[in-house]
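Below, each chain spelled out in residue letters.
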Amino acid sequence: MTAPTQNTTSRIARFRKLSVASMATAGAAAAALTLFPSPAQAAPVSANVSAPQVSAADAPAAKKAKKKYADNLDGWIKEALDIMKSERIPGSYEGLHRNIMRESSGNPDAQNNWDVNAQNGTPSKGLLQVIQPTFDAYHVAGTPRDLTDPVANITAAANYAADKYGSIDNVDSAY
């Protein structure tokens, strides 16, 4: 084996410098792409995981799509809470549920035929045992004008309770 010449040594040194410089550049590029990914890199990795595509023409329809609620006490309370939120009527799921269970045991057709309101010809009805004049005065727009409709009954009663007590959450007995 022959000893390396000055020329060979010089080439090896340049090669090492270029290799180190290339690795440093590649490392900086990798770091930059990690910290600031391009939109293509930010796309979902799996073809099975993708965001729904909504065209500009479909956007208003997607916003107006009506939310579905279960046709039971849980669904009625959740729908009422969404309406209450949009109307800025205070109240919580717990406060509504507690009062509904005390007033009607969750029966939207419950009717009180024995209290003073019933004796005066205006029985309390519905989930939160509301009388017709109170329902009419505190009815929330966008709900049916039916005293025994579960969502209309809840929102009107919560609206009344907010006016008289600050919130349905503050009611712990017949109101």
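Given the structure is predicted, the values throughout are model-derived calculations rather than measurements.

Asks: Explain the overall build of the protein chain here, please?
Replies: The helix and strand tally for the protein chain stands at eight helices and two strands. The long-range share in the protein chain, meaning contacts at least 24 apart out of those at least 6 apart in sequence, stands at 46%. As displayed, the protein chain has an accessible area near 11900 Å², and 57% of this comes from carbon and sulfur atoms.

Asks: Please explain helix 5 (residues 93-104) as it appears in this structure.
Replies: Because an α-helix packs 3.6 residues into every turn, residues spaced three or four apart end up facing the same way. With 12 residues, helix 5 should reach 16 Å at 1.5 Å per residue; the first-to-last C-alpha distance of 16 Å fits that figure. Looking at helix 5, one finds that the buried residues are Gly95, Leu96, Asn99, Ile100 and Ser104. Summarising the axial view, the buried residues of helix 5 lie within an arc of 125°, below the 170-degree limit, and thus occupy one face. Positive phi shows up at Ser105, right after helix 5, with a value of about 55°.

Asks: Looking at this structure, how should I read the side chain of Ser104?
Replies: The topology assignment puts Ser104 in helix 5. Apart from residues no more than four positions distant in its own chain, Ser104 is found in contact with Ala110, Gly126, Leu127 and Gln129.

Asks: Would you explain the packing of helix 4 (residues 73-87) against helix 5 in this entry?
Replies: When two helices pack together, their arrangement is given by the angle between the helix axes and the distance between those axes. Remark: helix 4 packs on helix 5, axes separated minimally by 10 Å, with the N-to-C direction vectors making an angle of 130°. Judged by the angle between their axes, helix 4 and helix 5 are oblique. As helix 4 runs across helix 5, the sense of the crossing is right-handed. For the pair helix 4 and helix 5, contact is made by Leu73, Asp74, Ile77, Lys78, Leu81 and Met84 and by Tyr93, Leu96, His97, Ile100 and Met101, respectively. Class assignment for the residues of the contact of helix 4 with helix 5 results in eight nonpolar, one polar and two charged.

Asks: Where do I start with the packing of helix 4 against helix 8 (residues 150-165) in this structure?
Replies: Axis separation between helix 4 and helix 8 bottoms out at 9 Å; the angle between their running directions is 50°. Accordingly, the angle class assigned to the pair helix 4 and helix 8 is oblique. Considering only the axes of helix 4 and helix 8, their crossing is right-handed. In this structure, helix 4 uses Trp76, Ile77, Glu79, Ala80, Ile83 and Met84 to contact helix 8, whose residues at the interface are Pro150, Val151, Ile154, Thr155 and Ala158. Taken together, the residues of the contact of helix 4 with helix 8 break down into nine nonpolar, one polar and one charged.

Asks: What is the right way to look at the packing of aromatic side chains in this model?
Replies: What describes a pair of aromatic rings is the distance from one ring centre to the other and the angle between the planes of the rings. Throughout the structure, instances matching the rule amount to one aromatic pair. Note on Tyr138 and Tyr160: the rings are 5.2 Å apart at their centroids and 85° apart in plane angle, and the pair reads as edge-to-face. You can see Tyr138 sitting in helix 7 (residues 132-138) and its partner Tyr160 sitting in helix 8, a full 22 residues away along the chain. A relative accessible area of 17% means that Tyr138 is categorised as buried.

What counts, and at which threshold
- Residues numbered from 1 in each chain as written.
- Predicted model: local features only at pLDDT ≥ 70, side-chain atom pairs only at ≥ 80, totals over all residues.
- Heavy atoms only, no water.
- Helix = DSSP H or I, 4+ residues; strand = E, 2+ residues; numbered from the N terminus.
- Contact = heavy atoms within 4.5 Å.
- Areas by Shrake-Rupley, 256 points an atom, 1.4 Å probe, with all protein chains shown as cover.
- Expected span 1.5 Å × (residues − 1).
- Buried < 20%, exposed > 50% of the residue type's maximum accessible area, 1.4 Å probe, protein only.
- Arc of directions from axis to C-beta.
- Axes fitted to C-alpha atoms, helices over the stretch in contact; angles between N-to-C directions.
- Parallel < 35°, antiparallel > 145°, perpendicular 65-115°, else oblique.
- Left-handed = near helix turned anticlockwise from the far one by under 90°.
- Nonpolar A, V, L, I, M, F, W, Y, C, P; charged D, E, K, R; others polar.
- Phe/Tyr/Trp six-rings, centres within 6.5 Å; stacked < 30°, edge-to-face > 60°.

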